[in-house]
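Architecture and fold: a report
Spelled out, the chains give:
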Amino acid sequence: MNLKKSLATIPIFQQVGTVADQLNMETYLVGGYVRDLLLDRPSKDIDFVCIGDGIKLAKAVSAALPERPPVAVFKNFGTAMIKVGDWEVEFVGARKESYQRHSRKPQVEAGTLQEDQERRDFTINTLGISINEANYGELLDPFDGVKDLKRKIIRTPADPELTFSDDPLRMMRAIRFAAQLKFDIAPDTFEGILKNADRLSIISGERIIDELNKIILTEKPSYGFKLLFVSGLLEHFFPEMVALQGVDSVGDKSHKDNFYHTLQVLDNVSTRTDSLWLRWAAIMHDIAKPATKRFNQKVGWTFHGHEDKGARMTPGIFRRLKLPMDERMKYVQKLVKLHLRPIALVNDKVTDAALRRLLFEAGDDIDDLMQLCRADVTSKNDHKVKRFLANFDKVEKKLQEVEAKDQVRNFQPPVSGDEIMAIFGLKPSRVVGDLKEEIKEAILEGQIQNNKSEALELMYRLAAKKGIEKKTNH
Ligand code: CTP
């Protein structure tokens, strides 16, 4: 790869190089940007390391640019950032870390480029490219990062013990990069993770979930999850998922391994969607299987009610994992709760009422629910898979027919609470809610059509039974 040519496509490299030369500062493009450049992946973060004061360089670069972008200075870290077009450009002085015998806190002091490279997480992230005119475009790769990129290996530049104890989040990052890039983790690096897995406890939940979500958004998330599982990291923050693993047998009756089943469902759903939350629904759909597992001599293993219990477990798990507690959690909870319902609708004798109820409960998420159900078919028997999927086609057709007829997917009460109150001269009260509920039930059950006149007629009948009279205007 001709680095000079690649760099020429973005003017900022040349511009920073010129300013660095004026300040007489050795400056390098480093880290993720170089890695992604060599891998031909798009990247929006550009990091420069200079031998000297990074903040001074950032200010000088800003002053030299026609648009004079503001400089955000992070004094504690000695870094500064400017935004140039879509790019976030960061500047920092090269540093080394030294450990005092009596303290675990590193002392950060100015260092050479190589010292700076050595304290980074993985060899593929240590690469530097000079941007000073004298050696513009020269690659500095003292830890064989390019070789590891070619061999597809995640490896720490220093002793893994040191790299991971410096920052235990790097254990999550190792797996995240392996998952994103489809790389392997070098054996001694993996050994380092196994030894230090407990140290993940000092990392904040927010940072862990950031990495986990990146793993979940990879093309084949099962790979990252398997690494999280065997490395012992998953146990630290998501024990409910680890509990899915394993097979119990009584006599010749055993159940499937729900951990690997869940990963298969997650991979299946991921071939069809990039939605993080539909992927989370796949992760959570069987989460209550261990808690509901029973053995019955006649039928073997059962997991009755795991969908309801799983839905009840969802808020607690989301809260602990620092996932959002808003409508995204409710969406996952809803899909977990409903994930068995479409299967129950396969039967020919199923009533329109049952179809309407599912449409009403799933609302606009019905299509996502059907995707989850299809992904949940993980049998190895092709005939079975075909049959199950054909059954879902049937259910979907029936749902479409009922929706076309009754429009309950986005159910709006045909008579509002305000109208009920106005007609009968009622104040907000329980009876108003009861009337609304009974009208909705009658529509879902098919006793009346979903329209205003039938709803009003029913409302008068129900009200009469309750002894409520229409307000008369004197
Ligand atoms: N880095 C590190 N240890 C960390 C985080 C970051 O050594 N815990 C170093 C790596 O050299 C990394 C650089 O800082 O390349 C920038 O970090 P960051 O922006 O978090 O990651 P990128 O490598 O750019 O990758 P991504 O944007 O995919 O997160």
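As the structure is a prediction and not an experimental result, all values here were calculated from the model.

Considerations on the pattern of salt bridges
Taken as a whole, this structure holds 36 salt bridges when the rule is applied. Close ionic contact of Arg155 with Asp148 constitutes a salt bridge, the shortest N to O distance being 2.9 Å. Between Glu396 and Arg374 there is a salt bridge whose closest N-O contact spans 2.6 Å. With Glu396 in helix 22 (residues 382-406) and Arg374 in helix 21 (residues 366-375), this pair connects stretches of sequence that are 22 residues apart. What makes Arg374 buried here is its relative accessible area of 19%. Bridged by salt links that share partners, the residues Asp352, Arg356, Lys405 and Asp406 form one connected network.

Let's talk about helix 9 (residues 187-196)
Of the residues making up helix 9, those classed as buried are Thr189, Phe190, Gly192, Ile193 and Asn196. An end-on view of helix 9 places all buried positions within 150° of arc, on one side of the element. Exposed side of helix 9, more than 90 degrees from the buried face: Pro187 and Lys195 are the residues found there. Buried residues along helix 9 sit against strand 10 (153-154), helix 7 (160-166), helix 8 (169-181), strand 11 (184-185) and helix 11 (221-231).

Topic: the nonpolar core
Counting 130 residues, the largest nonpolar core has Phe237, Phe238 and Trp280 as the members making the most contacts within it. With nine residues, helix 8 is the single largest residue contributor to this core. Apart from the residues lying within four places of it in its own chain, the contact partners of Phe238 are Trp280, Ile283, Met284, Ile287, Ile317, Arg320 and Leu321. Core analysis: the second largest hydrophobic core is formed by six residues, Val30, Val49, Val92 and Leu113 among them.

With respect to the domain arrangement of the chain
We note that the domain assignment places domain 1 (3-148), domain 2 (152-237) and domain 3 (417-465) within the chain. Just the C-alpha atoms count here: the centres of domain 1 and domain 3 sit 68 Å apart.

Structural notes on the pairing of strand 4 (residues 79-84)
Taken across its six residues, strand 4 has five buried, putting it largely inside the fold. Looking at chain direction, strand 3 (residues 72-74) and strand 4 are connected through three bridges and run antiparallel. Bridge assignment links Ala72 to a residue of strand 4, and that residue is Met81. The antiparallel hairpin formed by strand 3 and strand 4 contains four residues in its connecting segment, where Gly78 sits at a positive phi of about 65°. Two strands pair when backbone bridges link them, and strand 4 and strand 5 (residues 87-93) are joined in this way by six bridges, in the antiparallel orientation.

Some words on the UniProt feature "domain: HD" (unreviewed entry) in the chain
Here the UniProt feature "domain: HD" (unreviewed entry) sits at residues 259-344. Span residues 259-344 is 65% helix and 7% strand, its end C-alpha atoms 24 Å apart.

Definitions and limits used
- Residues numbered from 1 in each chain as written.
- Predicted model: local features only at pLDDT ≥ 70, side-chain atom pairs only at ≥ 80, totals over all residues.
- Heavy atoms only, no water.
- Salt bridge = Lys/Arg side-chain N within 4 Å of Asp/Glu carboxyl O.
- Helix = DSSP H or I, 4+ residues; strand = E, 2+ residues; numbered from the N terminus.
- Buried < 20%, exposed > 50% of the residue type's maximum accessible area, 1.4 Å probe, protein only.
- Arc of directions from axis to C-beta.
- Contact = heavy atoms within 4.5 Å.
- Core = buried A, V, L, I, M, F, W, Y, C linked by side-chain atoms within 4.5 Å.
- Domains from an automatic or database assignment.
- Pairing = 2+ DSSP bridges.
- UniProt positions renumbered as here; feature names shortened; annotations may be inferred.

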